Amino acid sequence: TEGPPSCPKGCDRCSEYNGCVKCKPKLFIFLERNDIRQVGVCLASCPVGYFGMRNPEGNNRCTQCKIDNCEACFNRNFCTKCKEGLYSHSGRCYVSCPPGQRTANETMEC
Amino acid sequence: RPCTSGQGQSTAVCSPSCSCDEDGGADCSGRGLTAVPTGLSTFTYYLDLSMNNITELPANVFKSFPYMEELRLAGNDLTFIHPEALSGLHQLKVLMLQNNQLKSVPSAALKNLQSLQSLRLDANHITTVPDESFQGLQQLRHLWLDDNHLTQVPVGSLTHQANLQALTLALNRITYIPANAFANLTSLVVLHLHNNRIREIASNSFAGLVNLETLDLNFNNLMVFPKPIEALPKLKELGFHSNGISSIPEGAFHNNPLLRTIHLYDNPLSFVGTTAFQNLSELHSLILRGANKMRDFPVLTGTKNLESLTLSGTKISSLPMDLCENLRLLRTLDLSYNEIEQLPSFQGCIHIQEISFQHNKIQQIDRDTFQSLSALHLLDLSRNQIQVIHRDAFLTLTSLNNLDLSMNSLATIPSRGLSAVSQLKLSGNPQMKNMLTAKDLPKLMSISVPYAYQCCAFVGCDSSSKDSSMKKSAGAIVGDDGEQISMVMHCSPSPGALKPCEHLLGNWMIRLTVWF
């Protein structure tokens with residue numbers, strides 16, 4: 001079922017000024033910054049630097065990764081994709097592997 | 001990755017339904033497609049087909065993309081994936097199938113994805129996970145199965161996943177964690193099980209998780225403390241808030257020395273073992289509320305990096321004299337709503353900024369109780385039975401700006417050490433009848449006093465004022481000896497027609513007579 005005609009794709013309720021305010025079930029709301037405004041958009045997967053936090057009430061939201069040099073994360077503290085050229089170990093990103101860890105260049109892991 | 005042809009956007013081989021970039025990325029998302037578009041470059045390494053209306057993936061639909069590393073099919077209406085649909089994707093690392101209508105894991109289709117690291121199957125309708133589901137996926141690191149209809153942990157399918165690092169089974173209908181459920185997941189770092197219906201966890205259910213750092217059991221139906229966590233030596237973050245747990249046993253976390261965060265609120269806790277939180281040297285914050293059968297203050301030896309301690313709603317009546325020996329880094333201490341009668345000296349807690357002992361049974365404050373706490377800015381001693389405060393008790397509290405002594409049995413308060421106080425509450429001390437002096441409180445902005453006439457020392461008695469609390473723009477008046485005293489912004493209860501400034505022996509008949 002489509003939301004109101006004026007709302008963007010995947011949106012159940014929107015406002016002219018703030019874009020989507022409630023997404024369809026299972027989608028994530030992401031608040032894009034537009035000058036001083038925050039505009040809600042509905043996504044099936046969150047953009048770079050964010051992960052999707054689901055909850056039973058259905059207001060799933062894109063939440064920022066809290067790990068340095070991380071492009072995609074599983075939760076706030078666990079990175080699933082480090083920036084180009086960095087090594088990942090236990091969900092963190094390293095310029096060079098911590099002491100005692102061997103470098104696996106083919107998968108860029110320690 | 002082979003470099004693709006052409007300079008600008010326009011020269012890249014692309015499908016009319018997509019926009020492609022020079023690096024081999026193709027964005028075909030949100031275009032109402034019902035099938036995988038044709039005409040894409042064989043060098044495509046990233047293909048986004050999310051938010052379309054694709055219901056099925058036929059055989060070999062991606063066979064001409066040997067360099068593909070990321071394939072996004074999220075937010076379609078996929079109900080069927082042909083066993084040969086994903087063949088040819090030898091370098092695929094990321095496969096996103098979330099937000100579709102799959103009822104089971106497409107095991108056959110997944111079997112040859114030997115480079116796959118991240119697999120998203122969240123937000124489908126999956127009820128079963130065949131044992132062979134992830135067999136071919138030797139490089140799998142991250143698996144999302146949350147927000148599906150699973151009723152049990154897919155133990156069989158996880159048996160061969162020694163490289164798996166992050167797994168979420170949250171938002172399902174799992175009721176029980178069986179023994180050795182995750183036995184071979186020796187690389188697992190993160191395990192999310194929140195928002196299920198877990199009532200019981202078998203005794204060695206977490207055996208084998210030797211590298212697990214985060215375990216999320218929040219929002220389940222646990223009635224007993226999850227003792228199997230003792231198999232998790234590397235655990236750093238543990239959540240079991242919003243369950244039905246009534247007690248935390250002695251030595252509860254004795255095998256989890258690296259714990260930094262424990263979320264345990266919203267449990268009907270009544271008892272907490274005194275040794276439960278011992279030797280947790282990485283723990284920074286501990287919040288325990290409402291353990292109403294708890295009588296003894298917890299032993300916190302070895303938990304030396306605690307910065308915030310909240311322990312309220314218990315029957316604790318005394319505190320260890322050496323409390324600050326163990327808690328040198330403490331910044332906030334909230335021991336409100338207990339039955340504490342006497343306070344030790346907090347002299348060793350040199351970093352402490354906020355202390356609350358609201359609603360206890362404290363009767364006196366000694367000279368050294370709060371001595372040398374130069375960082376302390378908030379002190380709440382309201383709702384006790386304090387009769388005496390040593391005159392030097394606040395002398396060294398150079399940062400104290402919020403002091404609440406309301407609802408006690410005080411007749412007077414020290415005049416020294418309050419120079420930084422901007423908010424002072426004294427109401428509810430009926431024996432405190434003396435006139436307070438403003439010069440001891442140069443920074444005062446807001447005060448509540450037992451009697452209206454006491455406000456006259458602060459706000460100047462303009463008895464015509466109507467509103468219940470007196471508000472005046474901040475200004476200053478000059479005291480007798482020429483010293484400047486700041487005018488208080490807010491004083492309650494403020495004097496008025498029926499509450500004149502002069503303390504007329506406190507007799508209502510006399511006040512009414514004066515009024516007529």
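Everything numeric here is computed off the predicted structure, so don't read it as measured data.

Caption draft 1: Summary view of the overall build of chain B. Each helix and strand in chain B was counted, giving 5 helices and 32 strands. Per-residue burial for chain B yields a buried fraction of 51% across its 516 residues. Taking as baseline every contact in chain B between residues at least 6 positions apart, the subset at least 24 positions apart corresponds to 42%. Of the accessible surface of chain B, which amounts to about 21,800 Å², a share of 52% is contributed by carbon and sulfur atoms.

Caption draft 2: Structural context of the UniProt feature "domain: R-spondin Fu-CRD" (unreviewed entry) in chain A. Under the UniProt annotation, "domain: R-spondin Fu-CRD" (unreviewed entry) lies at residues 9–110 of chain A. Between the first and last C-alpha atoms of residues 9–110 of chain A the distance is 41 Å; the span itself is 0% helix and 48% strand.

Caption draft 3: Layout of the side chain of D146(B). Summarising the element assignment, D146(B) is placed in the loop between β9 (142–144) and α2 (155–158). Contacts of D146(B), omitting those with residues within four sequence positions, involve R54(A), D122(B), A123(B), T168(B), L169(B), A170(B), L171(B) and N172(B).

Caption draft 4: Representation of the side chain of N76(B) in the model. Residues and elements named next belong to chain B. Following the sequence through the fold, N76 ends up in the loop between β5 (70–72) and β6 (80–81). Of the residues examined, N76 reaches a relative accessible area of 2% and is grouped as buried. In this structure the side chain of N76 is engaged in a polar contact, spanning 3.0 Å, whose partner is the backbone oxygen of L49. In contact with N76, not counting residues within four places along its chain, are L49, S50, M51, N52, N53, I54, N99, N100 and Q101.

Caption draft 5: Structural context of the pattern of salt bridges. Applying the stated criterion across every chain, the model contains 19 salt bridges over all chains. A salt bridge links R141(B) to E109(A), with the shortest nitrogen-to-oxygen separation between them at 2.5 Å. Of the two residues, R141(B) is situated in the loop between β8 (118–120) and β9 and E109(A) in the segment after β10 (92–94); the pairing between them involves two chains. Take R141(B) and E109(A): they sit in the same class, and that class is buried. Between R331(B) and E307(B) there is a salt bridge, and its shortest N-O distance comes to 3.7 Å.

Caption draft 6: Quick peek at the environment of L33(B). All names here are of chain B. Checked against the element boundaries, L33 lands in the loop between β2 (25–27) and β3 (46–48). Classification of L33 by relative accessible area gives buried; the value is 12%. L33 sits 340 residues away from L373 along the chain, and the two C-alpha atoms are 67 Å apart.

Caption draft 7: Main features of the sheet that holds strand β12 (residues 190–192) of chain B. Residues and elements named next belong to chain B. Sheet architecture is open: 12 strands sit in the order β1-β2-β3-β5-β7-β8-β9-β10-β12-β14-β15-β17, paired in mixed fashion. Of all the strands in the sheet, just β1 (19–20) and β17 (261–263) have a single pairing partner and so form its edges. Note that β3 and β5 share 3 bridges and pair parallel. Across the sheet, residue Y46 finds its bridge partner in β5, namely E70.

Caption draft 8: Fine view of the nonpolar core. Counting 137 residues, the largest nonpolar core has F62(B), F182(B), F253(B) and F277(B) as its most contacted members. Looking at this core, the elements that each hand over two or more residues are α1 (107–110), β19 (285–289), β20 (308–312), α3 (323–326) and α4 (456–459) of chain B. Residues in contact with F277(B), not counting those within four places in the same chain, are I248(B), F253(B), I262(B), L264(B), V272(B), L283(B), L286(B), L288(B), V299(B), L300(B) and T303(B). One finds C11(A), C20(A), A44(A) and A74(B) within the second-largest nonpolar core, a separate group that totals 10 residues.

Caption draft 9: Just the interface of chain B and chain A, in detail. At the junction of the two partners, chain B supplies 34 residues and chain A supplies 21 residues. Between chain B and chain A, a total of about 2,200 Å² is buried, with carbon and sulfur atoms accounting for 53% of that surface. If you sort the residues of chain B by the area they bury against chain A, M51(B), N99(B) and L171(B) come out on top, with a joint share of 23%. Put simply, chain B and chain A have 9 residue pairs in polar contact (both at pLDDT 80 or more) between them. When contributions to the side of chain B that touches chain A are tallied by element, the ones reaching two or more residues are β5, β9, β10 (166–168) and β12 of chain B.

Caption draft 10: Highlighting unusual backbone geometry. Residue and element names in this part refer to chain B. Here the residue pair S492 and P493 is connected by a cis peptide bond, since its omega of -10 degrees sits within 30 degrees of zero. Phi is positive for A123, close to 55 degrees, though the residue is something other than glycine. With respect to the secondary-structure elements, A123 resides in the loop between β8 and β9. For A123, a relative accessible area of 3% corresponds to the buried category.

Caption draft 11: Representation of the state of the cysteines in the model. All told, the structure shown has 12 disulfides over all chains when counted by the stated rule. The disulfide that involves C11(A) links it to C20(A), with 2.0 Å between the sulfurs. A torsion of 95 degrees about the S-S bond marks the disulfide between C11(A) and C20(A) as right-handed. Just as C11(A) is buried, C20(A) falls in that class too. In this model, C14(B) is linked to C20(B) through a disulfide, with the two sulfur atoms separated by 1.9 Å. Between C14(B) and C20(B), the S-S dihedral sits near 70 degrees, and the bridge is therefore right-handed. A residue is classified by how much of its surface remains accessible, and C14(B), at 26% relative accessible area, is partly exposed. The class for C20(B) is buried, based on a relative accessible area of 6%.

Caption draft 12: How the structure looks around the pairing of β20(B). Residues and elements named next belong to chain B. The buried count for β20 comes to 5 of 5 residues, which makes it a mostly enclosed element. Burial along β20 is two-sided: S308, T310 and S312 and L309 and L311, pointing in opposite directions, are all buried. Across 3 bridges, β20 lies against strand β21 (residues 332–334) in parallel orientation. What sits directly across from T310, in β21, is D334.

Cut-offs applied
- Residues numbered from 1 in each chain as written.
- Chains lettered and ligands numbered in written order.
- Predicted model: local features only at pLDDT ≥ 70, side-chain atom pairs only at ≥ 80, totals over all residues.
- Heavy atoms only, no water.
- Helix = DSSP H or I, 4+ residues; strand = E, 2+ residues; numbered from the N terminus.
- Buried < 20%, exposed > 50% of the residue type's maximum accessible area, 1.4 Å probe, protein only.
- Contact = heavy atoms within 4.5 Å.
- Areas by Shrake-Rupley, 256 points an atom, 1.4 Å probe, with all protein chains shown as cover.
- UniProt positions renumbered as here; feature names shortened; annotations may be inferred.
- Polar contact = N/O pair within 3.5 Å; in protein donor to acceptor, adjacent residues only side chain to side chain.
- Salt bridge = Lys/Arg side-chain N within 4 Å of Asp/Glu carboxyl O.
- Pairing = 2+ DSSP bridges.
- Core = buried A, V, L, I, M, F, W, Y, C linked by side-chain atoms within 4.5 Å.
- Buried area = accessible area lost by both parts, 1.4 Å probe.
- Disulfide = S-S within 2.5 Å.

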